[in-house]
Structures are given as C-alpha cells and as structure tokens.
Amino acid sequence: MNCWGVIPAAGIGSRLGAAVPKQYLEIAGRTLLEHSLRALFADARVKGVAVALRAGDERAAALACLQDPRVLRVEGGAERADSVAAGLAALGERAAEDDWVLVHDAARPCLDAKSLGALIDAVAAGGSGAILAQPVSDTVKRSDDGNTVAATVDRRSLWLAQTPQLFRLGELTRALAGAGAVTDEASAMEAAGHPVGLVPGPRTNFKVTTADDLLLARCLLAAGENS
Ligand SMILES: Nc1ccn([C@@H]2O[C@H](COP(=O)(O)OP(=O)(O)OP(=O)(O)O)[C@@H](O)[C@H]2O)c(=O)n1
Ligand SMILES: C[C@](O)(CO)[C@H](O)COP(=O)(O)O
C-alpha cells in the first residue's frame, strides 16, 4: 500500500515561546521538522510528503531536507486544518483520489518506525482510516473553574489522539471542507460518518507544545531512542 504524507508546519509555537517557531528548533543536529519528515520517510511505503509552511517563511529555504524531490512545499493557512487542506490539495497533483495520506504534525518529532508501520499495516488490513492514539493511563479529573475538581472521569474509554492520522485523500479533503473548525483530521472524518480506527501509539509520540515537552524530546532524540 503506497502512502503520501502531509506535514502541517506553518504554526508559530506560541505556547512554547521560543525565539523561532518550534518546528525549527534543533535537536541532535536536526530541526523538529526534519525529525518528523525523516520519521515518515522511514517507512518505504511513504512516496512523497507535502509540507505546509508559513507564507514568506525564509527559514524553510535553508533546510536541506525540504530540497528532497519527494517533498512538496506549500503555503499553510491560518489554522492547522487550513494548512492540512493546502497540503492535500498540493498532493492532488501527484496522488490519486483513493490514495492514502498520513497527516503528521511537524511538532511530533519522536514518531518511531514501529508505530508508523503498525498504523499503515492496520489500515491496509482493515480498509478504513485510523489514527495513532494513546490509551489514558492516569486518573482523569474534570474541572469547571481550573482550580478544583468537579468530577473524576472514567478513563477506560478515553484515548489521547496523536498523529499520524491516515485517511484516503479524496474522503479527507471533502470531510475537512465540510467540517468547520476541527483540531484533528479524525474529527472531520467522524463528522462525515467515516469509521476511524484506533492504533495504540506510545507515550513517546507526544507533541512538542510547551518547554517541558521540548526537554523530553531532547532527551529522547539525543539518545536516539525514537527509532
Ligand atoms: N496555522 C497552523 C497552525 C499549526 N500548524 C502546525 O500544526 C502542528 C500542531 O499544531 P500546534 O502544536 O498547535 O503548533 P502551533 O500552532 O505552532 O503551536 P501554538 O498553538 O502553541 O502556537 C504544528 O506542527 C504546527 O506547525 C500549521 O501547520 N498551521
Ligand atoms: C492533531 C493533534 O496533534 C492531535 O492530538 C492535535 O489536535 C493538535 O492540536 P494543536 O492545538 O493544533 O496542537
């Protein structure tokens, strides 16, 4: 099963607050963006990746990894979903409507080949789209005021969505077009009535959102633990 990829990399990393957008922060000699791109290409079934970048982003021009002929650079949008939609549109020039597309955050640099392979294998076997997700293992509390516990939530049915999220190009394009504001591709596919499979992803496939996450990513990537 051949796959394509879309990497939304047009954010500004405001919650991390670094001097540059977080996808350009370097760990072990590579940017987070390059780590995420290499993670997708680690599976030979990934034939090409569209990377959505901020308009006028001059940092990207300096990245050798984006010169790879398998990489398409496209202008991202105001929201993550807009950037994903732009990446899907760019892939339309190379990919067929029924081809499979992995959408993977540039901010998830620790994706390991085993987890990516498990996701692709599961979709190849099952025929419907799926996402990597982490089953919740901590006790979950709900708070209505941000200071006190309002309730304890039954965690047995809760999963933390990760990326990659793997869906057919045409179906995902149409689902996103009709979805409004969504924070992940699966939400759009669910709203469009498509089944979304869950493939367990490791805690190490976390998103680098805050400074704490960056510290953890440095520990993992510097130690070469994400292969
Ligand atoms: N308009 C946007 C916003 C986000 N992203 C990308 O979507 C991924 C996940 O989003 P997030 O972690 O929220 O990144 P930022 O939006 O950069 O972070 P923040 O919300 O803290 O500003 C990141 O790789 C980010 O670059 C994007 O391509 N286009
Ligand atoms: C797509 C995602 O990484 C799945 O958990 C998450 O929804 C991205 O959220 P963000 O606020 O755009 O980082």
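Keep in mind that this is a model prediction, so the values were computed, not measured.

### Side note on the overall build of the chain
Here's step 1: Helix and strand content of the chain: seven helices and 11 strands.
Here's step 2: What you see for the chain is a C-alpha radius of gyration of 17 Å, in line with the 17 Å of a compact globule of 227 residues.
Here's step 3: Residue burial in the chain is summarised as follows: out of 227 residues, 48% are buried.
Here's step 4: Per element, the accessible surface of the chain, about 10900 Å² overall, is 51% carbon and sulfur.
Here's step 5: Between the centroid of the 23 positive side chains of the chain and the centroid of its 27 negative side chains there is a distance of 4 Å.

### Description of the environment of Ser-14
Here's step 1: Counting through the fold element by element, Ser-14 comes out in the loop between strand E1 (3-9) and strand E2 (26-27).
Here's step 2: Spatially, the C-alpha atoms of Ser-14 and Thr-209 are 8.7 Å apart, while their sequence positions differ by 195 residues.

### Some remarks on the site of ligand 2
Here's step 1: In the vicinity of ligand 2, the contacting residues are Arg-15, Arg-80, Asp-105, Arg-108, Ala-161, Thr-163, Thr-183, Asp-184 and Lys-207.
Here's step 2: Between ligand 2 and the protein, one listed contact pairs an oxygen atom with a backbone N or O atom of Ala-161 at 2.7 Å.
Here's step 3: The contact in question runs from an oxygen atom of ligand 2 to an N or O atom on the backbone of Thr-183, over 2.8 Å.
Here's step 4: Residues belonging to the shell around ligand 2 are distributed by class as follows: one nonpolar, two polar and six charged.

### Re the environment of Asp-144
Here's step 1: Structurally, Asp-144 can be placed in the loop between strand E8 (140-142) and strand E9 (151-153).
Here's step 2: Its relative accessible area of 60% is what places Asp-144 among the exposed residues.
Here's step 3: Separated by 3.0 Å, the side chains of Asp-144 and Arg-142 make a polar contact.

### Focus on the UniProt feature "site: Transition state stabilizer" (unreviewed entry) in the chain
Here's step 1: Under the present numbering, the feature "site: Transition state stabilizer" (unreviewed entry) in UniProt falls on Arg-15 and Lys-22.
Here's step 2: Relative to the helices and strands, Arg-15 resides in the loop between E1 and E2.
Here's step 3: On the basis of relative accessible area, Arg-15 is assigned to the exposed category, the value being 60%.
Here's step 4: Setting aside residues no more than four positions away along its own chain, Arg-15 makes contact with Lys-207, Thr-209 and Thr-210.
Here's step 5: Assignment of secondary structure puts Lys-22 in the loop between E1 and E2.
Here's step 6: Leaving out residues up to four positions away in the same chain, Lys-22 has contacts with Gly-13, Leu-16, Leu-32, Ala-107, Val-208 and Thr-209.

### Quick look at helix H1 (residues 32-41)
Here's step 1: Most of H1 sits out of view: nine of its 10 residues are buried.
Here's step 2: For H1, the full list of buried residues reads Leu-32, Leu-33, Glu-34, His-35, Ser-36, Leu-37, Ala-39, Leu-40 and Phe-41.

About the criteria used
Residues numbered from 1 in each chain as written. Chains lettered and ligands numbered in written order. Predicted model: local features only at pLDDT ≥ 70, side-chain atom pairs only at ≥ 80, totals over all residues. Heavy atoms only, no water. Helix = DSSP H or I, 4+ residues; strand = E, 2+ residues; numbered from the N terminus. Rg over C-alpha atoms; globule rule 2.2 N^0.38 Å. Buried < 20%, exposed > 50% of the residue type's maximum accessible area, 1.4 Å probe, protein only. Areas by Shrake-Rupley, 256 points an atom, 1.4 Å probe, with all protein chains shown as cover. Lys, Arg positive; Asp, Glu negative; His and termini not counted. Charge placed at Lys NZ, Arg CZ, Asp CG, Glu CD. Near = heavy atom within 4 Å. Polar contact = N/O pair within 3.5 Å; in protein donor to acceptor, adjacent residues only side chain to side chain. Nonpolar A, V, L, I, M, F, W, Y, C, P; charged D, E, K, R; others polar. UniProt positions renumbered as here; feature names shortened; annotations may be inferred. Contact = heavy atoms within 4.5 Å.

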